[in-house]
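Structure at a glance
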Amino acid sequence: MNKVRVLIINGYGINCDVETGWAFKMAGADEIVTTHINRVISNEISLDDFSILAFPGGFSFGDHIASGRVLGVKIKSELGEALERFVEAGKLIIGICNGFQILVKMGLLPGKDGSVLNDQTCTLTHNDSAKYEDRWVKIKPNQANNSPFLRGVETFPVAVRHGEGKFIAMPDAMDRILKDNLTAFQYVDENNEPTQEYPKNPNGTEKAIAGITNKRGNILGMMPHPEVYVQKTQHPSWTREKELPETGAGLKIFVNAVDYVRNEL
Amino acid sequence: MIFRLEVGLKREMTDPEGKALLKRIESDFGLKTLNSIRVLRTYLFDIKNGSIELIENFAKNVVCDPVTEYYSVGEYEPSEQFDWIVETGFLPGVTDNESRTAMWALKTFSKMEFDPEDNIFSGKKYLFYGEIDHNAIELVVSGLLINKLIQRFTLISGTEWRNGKKVGNKIPKVIAGTKPKTEIININVEDKELDNISKSRILALSIEEMKAVKAYYSNERTKETRKKKGFSENPTDCEIEVIAQTWSEHCKHKIFSADVNYTDTTTGEKKEIKSLYKSYVQRVTKELAPEKSWLKSVFTDNAGIIEIDKDNLFAMKVETHNSPSALDPYGGALTGIVGVNRDIIGCGMGAKPILNTDVFCFASPFFSGELPGTNLLHPARIFRGVHRGVKDGGNESGIPVVNGSIFFDNRFIGKPLVFCGTGGLMPKEVNNNPSHVKKAQKGDLIIMTGGRVGKDGIHGATFSSEELHEGSPVTAVQIGDAFTQKKMLDFIIEARDSGLFRSITDNGAGGLSSSVGEMAEDTNGAVVFLEKVPLKYSGLNPWEIFISEAQERMTLAVAPEKMEKLYALAKIHEVEISVIGEFRNTGYLEIFYDKEPVALLDMDFLHNGLPKYKLDAVWERKENNSFYPEEYDNYDAILCDMVSRLNIASKEKWVRQYDHEVQGRSAVKPFCGKDHDGPSDAAVVRLSPFTKTAIVASHGINPTISDIDAYWMTASVIDEALRNAVAVGADPDFISGLDNFCWPDPVYNAEKNPDGKDKMAALVRSNLALYDICKAYSLPLISGKDSMKNDYGSGKNKISVPPTLLFTLISRMDNVENAVTMDFKKAGDIVYVIGETANEMGSSEYYAYHGERKSGYAPRVYPEKFMASYKKLHQAIHKGLIASAHDISDGGLAVTVSESAFSGDLGVRVDLSKVPLRERIERNDIVLFSESNGRIVVSVHEENREEFEKMMEGIQYSEIGEVTSGKFVKISGIKGNVILNISAATLKEWWQKPLNLKLN
């Protein structure tokens, strides 16, 4: 069994690092290191020592210019090779909210066959409502996507908290996403069907896409925040839904990541 | 060289910002002739060694999104026939966060050498398509797109553009004025001239205060010391400015420390009060403190600190930012929220903010009359701007807004009230030392960290006396920078945990003069070299550097041997730190600029030399009961109107835009109920997933009761805060409060402020109540603030805010899983009301609905009775007997049961004849809408009835009805006839309409 070491990036306005650490702790990770990206860039902390890398949510560079863009470009230019090694070794990367925006804008998601670092082919842009909103929606995993992150995950309620979450892909990239089943999650309605209807689909995203993976399935990016639904009392109506389980459904994604590294990597 | 870059969405993309603006223009100006608006981002580069290629590369690789956007280096030529172009940008010196990130990115990615003066200026360009005339577009620009205090614009019509007129590349660069210098001010002059000095330099010092300064400088000992240290006999400009700053109402709370003569004309009672603060605010806490070992630090630090569990301390502070929000609602509110965050970062050894609260008082956003002043902004604009400021400040800092409210009254048209609160956590010990204490030591270096210093906020919200020219930096308003502050916060928490500093405080009002001044009290002296302070732009005079309120800065005391590690940590976090001086024990604050003496400040005189105010307060009772509205057989339509009154209506659309869940602790969020849209009474914030302990945050505010008596206003808001907290499950034995006074000027002046004595009396009465009620509730105050000049205009035309106290309450629950929300849970549950209803319609929403604002009895508070029922309810909640609990406040019982019903997607049947009354009441409307304190509506499952009723024995409560599956609110009157029967869904629609749908 492998030791599970998780590296969580913070700094430059990332702000969901603590709760992302809690989620990995509850999922049973052996060691969690949360550090400023500059310590990884300077190699004071080596990416090679970890098997899971997390880019939490937040407002890197205050979302100035465009969300995730500036930090994405910085990471790509200064950590490109190390990231390439990491991904090629089959290790896991998760990007949530601003983390997803960073992964997309540095070209790591959805990626291309045979190369890790690519040009940006997709984007996350301003919600159709032109507003930042915090609300709970339902997301459904794509059964045809074989990513280890998604194993046994069922449709679940989760918070979205963003102003720029509308996923748009260039035509080629969208073809590849559909052909290779790279969609990870879609926003769904009360019948668990993907929806374009606001606010169930909170941002007007194409094909109701809430998250995607790369082809190998070891990189997951998603706008909703599973790290803050790891416990019953985080659900917005837990005081009335007595049948809710003690553990929040979002935890499964983190447990999957930890189990995969421990047993299969 | 100057280059222009413009970035816009590709034509086939919809433009959400343009669409939202179109909607707003329609609703604000009734203009329906516009077809569309496209919005572009503009960047003006002022780069000495720049080139087109550099800008092209930067645009392609960093600025422009390849999927959705196009860019143009140089002015973009739209191919379609647009009708107007508006370009907006900032004025010189205004914080421009977008451009700062752009400059950082340009430096980082080009790997080129840049000139220190190189800069980027961001702006926006709007292309309007459709019919709109010149006057109308100017109205849109000034009413929606810019604030002329901080922004500039260029307007070009489509025809002019096609004839060759362009926006051009004029940059808002700050042009340095004269060489920095220190002036000597001759104060050895007659009184009239002294007064002139105070007025012309906007010192806001009274003649008595100016004379005290003069006396100090004429003192032989002062003269001798100054001579010995190489200083002039007369004060320097910096000294005068620092004295004015330190002695300002804002810093010294002169009104709260004044000697007051209070007369109650009705009873003939007279009182002489030596300091309201010491006699009431501080005294109640002092008297309660011995029995509360969990009070760790009160009234001494930037925030109050309590022990929340065995490992953690919790710090809380609430601030106001009223005047800045009136001038620039966005910048004012943003600065307010990031400013109070710094109070938490700078309290004790530094706490990490985990929650924000915000409460606003505005005039109606639908106000349609003429604004009473030409420099006033419309209340809708203030609402949106303040909301956006708080939203950006909280969201970008990763601090959830967990609790708040908005109170509407048109007297806030001249001055909105913007309360921003922050709570933070810190471990009880850091590096084996208690974290709530700190002390600078002699020889420690003075470190300034975070942002740089500009002329921001010099003289607070008043304009600087400096002659304005085109290149003058804007000083009146500040815009916060959440990003810079977040970086600084991360750095400070790491530095704290590594033991790299000995003391810390924030730079707020008074800037360095106040932060260094405060910390220097630890060692009794300090020396500061102002040329070492990093500046945003050159040309600041030494005194300006010292008192500037430029944001995002903290001051640290650091032992010299820790500097190396501190520099290394700052480098990782990309946070600027500068050594600007040293703490000493000389008894003086000594300030130099390039070796020139700038100020020599005697610490004792600075803090104790201020003459005391003497104020008169005369109270005349106003309470009367002469208003009797018509009674009705049916109240369906009236209840619809009531739930859509602004003080009751849903604020969901606005609150949803705040992140209320970041950091993962929120257990009772601002919204609850079946569809997550019911209005929660209080916030429950769990310390972490690994403990069941939670913080409960609530508040009470109801300024209009002051129209009758500020005593009962104060008593009512304290009780409201407490019952809100108790309703969600807070422990009434673990409560602490924060008092924030926002008052109209209470200093009498026959001409300018003829009713000053009445306003002062209101302040006295508010303090009397604060003492009485907090004492009776065993509710210590841990922090507070006052803002005493909330008026607009003067004399007869003066508009004053009603005397307002915001009471914030911090409590705890041991087991978060017992928390209760306000939504009804299940049909068949029994509905009870706890507490008694009385004929207390004074300042009620119901009387206000009928246009009556002066008549009616003010709601009373009976602390012993109320506390007894709160304690019983708390027990019942912790036994799991309560399905829902909702406090009765604005709109009374009828509104409360309606909210619980529609939030639970259920109905309710209520029998008014069963409502416990404190006195004989024969009118249905009083029972429906009275706002008596001490009342909570609860629902209980039938199987818990017996145990609940047994537990509640001995208190005033009664079963009044049941939760129904029929989804109707059905109420029978005192005589048994049905007086109200309306669908909960209809009520919900009315409740949601005004602020969620009608206001864009």
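Every value quoted in this text rests on a predicted model; they were computed, and no experiment measured them. (Residues numbered from 1 in each chain as written. Chains lettered and ligands numbered in written order. Predicted model: local features only at pLDDT ≥ 70, side-chain atom pairs only at ≥ 80, totals over all residues.)

Let's talk about the overall build of chain B
Operational definition: Helix numbers and strand numbers start at the N terminus; a helix is a DSSP run of H or I with at least 4 residues, a strand a run of E with at least 2. For the radius of gyration, the atom set is restricted to C-alpha positions; the globular benchmark scales as 2.2 Å times the number of residues to the power 0.38. For the exposure call, what matters is how many other C-beta atoms sit within 10 Å of a residue's own: 20 or more marks it buried, 12 or fewer exposed, and in between partly exposed, using C-beta atoms placed from the backbone. Residues are scored as being in contact if the C-beta atoms we place from backbone atoms lie within 7 Å.
Helix and strand content of chain B: 30 helices and 41 strands. Relative to the 2.2 N^0.38 estimate, which gives 30 Å for 1000 residues, the radius of gyration of chain B is 29 Å and therefore close to what a compact globule would have. Judged by the C-alpha coordinates and their principal axes, chain B covers about 85 × 75 × 60 Å. Looking at the 1000 residues of chain B, the share that counts as buried comes to 56%. Partitioning the intrachain contacts of chain B with sequence separation of at least 6 by distance along the chain shows that 82% fall at a separation of at least 24.

Remarks on the overall build of chain A
Secondary structure assignment for chain A yields six helices and eleven strands. The C-alpha radius of gyration computed for chain A amounts to 17 Å, which stays within 12% of the reference 18 Å derived for 265 residues, consistent with globular compactness. Projected onto the principal axes, the alpha-carbon positions of chain A cover approximately 50 × 40 × 35 Å. Residue burial in chain A is summarised as follows: out of 265 residues, 62% are buried. Residue pairs at least 24 apart in sequence account for 75% of intrachain contacts in chain A once pairs closer than 6 positions are excluded.

Re the sheet that holds strand 7 (residues 156-162) of chain A
All names here are of chain A. Condition: DSSP-based pairing: two strands are paired if at least 2 bridges between them are found. Inter-axis angles, ranging from 0 to 180 degrees, are taken between N-to-C directions of lines fitted to C-alpha atoms, where helices are fitted over the stretch in contact.
The strand order across the open sheet formed by nine strands is 2-1-3-4-11-10-9-6-7, and the pairing between neighbours is mixed. Each edge of the open sheet carries a strand with a single partner, namely strand 2 (31-36) and strand 7. Sheet twist, expressed as the mean angle between neighbouring strand axes with direction ignored, is 25°. Here six bridges tie strand 1 (residues 5-10) to strand 2, and the two strands are oriented parallel to one another.

With respect to the interface of chain B and chain A
Opposite the 55 residues of chain B that make contact, chain A presents 54 residues. Broken down by secondary-structure element, the contributors of at least two residues to the side of chain B that touches chain A are helix 1 (16-29), helix 2 (52-63), helix 3 (97-110), helix 15 (379-397), helix 16 (482-497), helix 19 (563-573) and strand 26 (671-672) of chain B. The dominant element in the side of chain B that touches chain A, judged by the number of residues it contributes, is helix 3 of chain B, at seven residues.

Examining the environment of B:Asn981
All names here are of chain B. Note that Asn981 resides in strand 41 (residues 978-983). On the neighbour-count criterion, Asn981 (16 C-beta atoms within 10 Å) is partly exposed. Expressed as a C-alpha distance, the spacing of Asn981 and Tyr635, which sit 346 residues apart in the sequence, is 8.2 Å.

Re helix 19 of chain B
Inclusion rule: To be clear, the arc concerns the directions from the helix axis to the C-beta atoms.
Among the residues of helix 19 of chain B, those classed as buried are B:Leu566, B:Leu569, B:Ala570 and B:His573. Buried residues of helix 19 of chain B, seen end-on, are gathered within an arc of 100° and therefore sit on one face of the element. In helix 19 of chain B, the exposed positions angled more than 90 degrees off the buried face are occupied by B:Glu564, B:Tyr567 and B:Ala568. Elements that come into contact with the buried residues of helix 19 of chain B comprise strand 2 of chain A together with helix 16, strand 20 (553-558) and strand 21 (577-583) of chain B.

Brief notes about the packing of helix 1 of chain B against helix 4 (residues 134-145) of chain B
Residues and elements named next belong to chain B. What counts is decided by this rule: With respect to orientation, any angle under 35 degrees is reported as roughly parallel, any angle over 145 as roughly antiparallel, any angle of 65 to 115 as roughly perpendicular, and every other angle as oblique. Any residue outside Ala, Val, Leu, Ile, Met, Phe, Trp, Tyr, Cys, Pro, Asp, Glu, Lys and Arg is labelled polar, Gly included; the first ten of those are nonpolar and the last four are charged.
It is at 11 Å that the axes of helix 1 and helix 4 come closest, and there the two elements cross at 105°. For the element pair helix 1 / helix 4, the angle class is roughly perpendicular. Of the residues in helix 4, those in contact with Leu21, Arg24, Ile25, Asp28 and Phe29 of helix 1 are Ala136, Leu139, Val140, Gly143 and Leu144. The residue inventory of the contact of helix 1 with helix 4, partitioned by class, reads seven nonpolar, one polar and two charged.

A closer look at the sheet that holds strand 4 (residues 84-90) of chain B
Residue and element names in this part refer to chain B. Spatially, 3-1-2-5-4-6 is the arrangement adopted by the six strands of the open sheet, whose pairing is antiparallel. Bordering the open sheet on either side are strand 3 (69-73) and strand 6 (151-157), each of which pairs with just one other strand. Across the sheet, the mean angle from the axis of one strand to that of its neighbour is 20°, orientation sign disregarded. As paired strands, strand 2 (residues 34-46) and strand 5 (residues 119-130) are joined by twelve bridges and run antiparallel to one another. When the bridges of strand 5 are listed, Phe45 appears paired with Ile120.

Re helix 6 (residues 251-263) of chain A
Residues and elements named next belong to chain A. So the rule is basically this: The span one expects for a helix is its residue count, reduced by one, times 1.5 Å.
Relative to the 18 Å expected for 13 residues at 1.5 Å per residue, helix 6 spans 18 Å between its end C-alpha atoms, a close match to the ideal helical length. Of all 13 residues in helix 6, ten are buried, a share of seventy percent or more. Looking only at helix 6, the buried set comprises Leu251, Lys252, Ile253, Phe254, Val255, Asn256, Ala257, Val258, Tyr260 and Val261. For helix 6, the elements touching its buried residues are helix 1 (17-26), strand 3 (52-55) and strand 4 (92-96).

Notes on unusual backbone geometry
Excluding glycine, a negative phi dihedral is what most residues carry, and trans is how most peptide bonds are arranged. Residue and element names in this part refer to chain A. For the bond from Leu109 to Pro110, the omega torsion is -5°, close enough to zero to count as cis. The residue Pro110 is located in the loop between helix 4 (98-105) and strand 5 (122-125) in this model. For the peptide bond that leads from Tyr198 to Pro199, omega is 0°, which places it in the cis range. Inspection of the secondary structure assignment puts Pro199 in the loop between strand 9 (183-187) and strand 10 (209-213). Phi is positive for Phe61, which is not a glycine, with a value near 50°. In this fold, Phe61 is placed in the loop between strand 3 and helix 3 (69-88).

Remarks on the packing of helix 14 (residues 329-345) of chain B against helix 16 of chain B
Residue and element names in this part refer to chain B. Between helix 14 and helix 16, the shortest axis-to-axis distance is 11 Å and the interhelical angle comes to 5°. Overall, the two elements helix 14 and helix 16 adopt an arrangement that is roughly parallel. Between helix 14 and helix 16, the contacting residues are Val338, Asn341 and Ile345 on the first element and Ala482, Gln485, Leu489 and Ile492 on the second. Here the contact of helix 14 with helix 16 is composed, by residue class, of five nonpolar, two polar and no charged.

Quick look at the pairing of strand 34 (residues 804-813) of chain B
Side-chain positions along a regular strand alternate between the two faces of the sheet. Residues and elements named next belong to chain B. Burial runs high along strand 34: ten of the ten residues are buried. Residues Thr804, Leu806, Thr808, Ile810 and Arg812 of strand 34 are buried on one face, and the alternating residues Leu805, Phe807, Leu809, Ser811 and Met813, pointing to the opposite face, are buried as well. When strand 29 (residues 694-700) meets strand 34, the two strands line up antiparallel, connected through seven bridges. Paired with Ile695 across the bridge in strand 34 is Arg812. The pairing of strand 30 (residues 735-742) with strand 34 spans eight bridges and is classified as antiparallel. Pairing of Ile735 across the sheet is with Ser811, part of strand 34.

Remarks on the confidence of the model for chain B
All names here are of chain B. As a reminder of what qualifies: Per-residue confidence from the prediction method is given by pLDDT, with values spanning 0 to 100.
Looking at chain B, pLDDT values average 94 and 98% of them are 70 or higher. In the model, residues 461-468 has pLDDT below 50 throughout and makes 13 contacts with residues more than four positions away in sequence or in other chains. Interface confidence in the predicted complex, given as ipTM, is 0.97; pTM for the same model is 0.96.

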